[in-house]
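Take a look at the letters that make up each chain.
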Amino acid sequence: MPKLKLSKTKLNAGIEPLLTTKEAAQIVGVSASFLNNDRYIAGQENTAPKFPYIKLPSGGIRYRASDLEAVIEAGYVGA
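Caption draft 1: Structural detail: the side chain of D38. Mapped onto the fold, D38 is located in helix α3 (residues 32-45). With no salt bridge to any partner, buried D38 finds its closest opposite charge in K50, at an N-O distance of 4.3 Å. Sequence-distant contacts of D38, defined by excluding residues within four places in its chain, comprise P49, K50 and F51.

Rendered as structure tokens:
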């Protein structure tokens, strides 16, 4: 069976890059520990975390910048 050769450009076209916990923490302005605790507490209490995340098949955790922005915008207080 021949190997399938995929173009990275076509494969990634239109897909938002995913951020690590450390990168997400820097964008939001909290520590990586805060995001780790957010996930842990949500799991313990069977509730949604404050910051939505993606759990990869490998077990890694990633965040979408658009999800982080939505959480920040939802908490915005102003005129």
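Caption draft 2: View of the packing of aromatic side chains. A complete count under the given rule lists two aromatic pairs for this structure. Each ring, one from F34 and one from F51, has its centre 6.4 Å from the other, and the planes form 75 degrees; the classification is edge-to-face. With F34 in helix α3 and F51 in the loop between α3 and β2 (54-55), this pair connects stretches of sequence that are 17 residues apart. Residue class for F51 comes out buried when judged on its relative accessible area of 8%. When the ring of Y53 is compared with that of Y63, the centres are 6.3 Å apart and the planes differ by 55 degrees; the resulting orientation is tilted. Separated by ten residues along the polypeptide, Y53 in the loop between α3 and β2 and Y63 in strand β3 (residues 61-64) bring together distant segments of the chain.

Caption draft 3: Structural view of the nonpolar core. Formed by L19, A24, A25, V28, L35, F51, I61, Y63 and L68, the largest nonpolar core amounts to nine residues. Those elements giving two or more residues to this core turn out to be α2 (21-28) and β3. When neighbours within four sequence positions are excluded, L19 is seen to be in contact with A24, I27, I61, R62, Y63, A65 and L68.

Caption draft 4: Structural view of the sheet that holds β2. Pairing in this open sheet of three strands is antiparallel, and the strands run β1-β3-β2 from one edge to the other. The sheet is open, and its two borders are formed by β1 (18-19) and β2, each paired with just one other strand. Examined bridge by bridge, β1 and β3 share two bridges and lie antiparallel to one another. Looking across to β3, one finds that L18 is bridged to R64. Lying on the sheet, helix α4 (residues 65-74) is in contact with β1 and β3; it crosses β3 at an angle near 65 degrees.

Caption draft 5: Structural detail: the pairing of β3. Here β3 shows one buried face, formed by I61 and Y63, and one open face, formed by R62 and R64. As judged from the two bridges shared by β2 and β3, these two strands associate in the antiparallel manner. Bridging across to β3, I54 finds its partner in R62. Remark: five residues form the turn of the hairpin made by β2 and β3, two consecutive strands paired antiparallel; G59 in that turn has positive phi of roughly 100 degrees.

Calculation rules
- Residues numbered from 1 in each chain as written.
- Predicted model: local features only at pLDDT ≥ 70, side-chain atom pairs only at ≥ 80, totals over all residues.
- Heavy atoms only, no water.
- Helix = DSSP H or I, 4+ residues; strand = E, 2+ residues; numbered from the N terminus.
- Buried < 20%, exposed > 50% of the residue type's maximum accessible area, 1.4 Å probe, protein only.
- Lys, Arg positive; Asp, Glu negative; His and termini not counted.
- Salt bridge = Lys/Arg side-chain N within 4 Å of Asp/Glu carboxyl O.
- Contact = heavy atoms within 4.5 Å.
- Phe/Tyr/Trp six-rings, centres within 6.5 Å; stacked < 30°, edge-to-face > 60°.
- Core = buried A, V, L, I, M, F, W, Y, C linked by side-chain atoms within 4.5 Å.
- Pairing = 2+ DSSP bridges.
- Axes fitted to C-alpha atoms, helices over the stretch in contact; angles between N-to-C directions.

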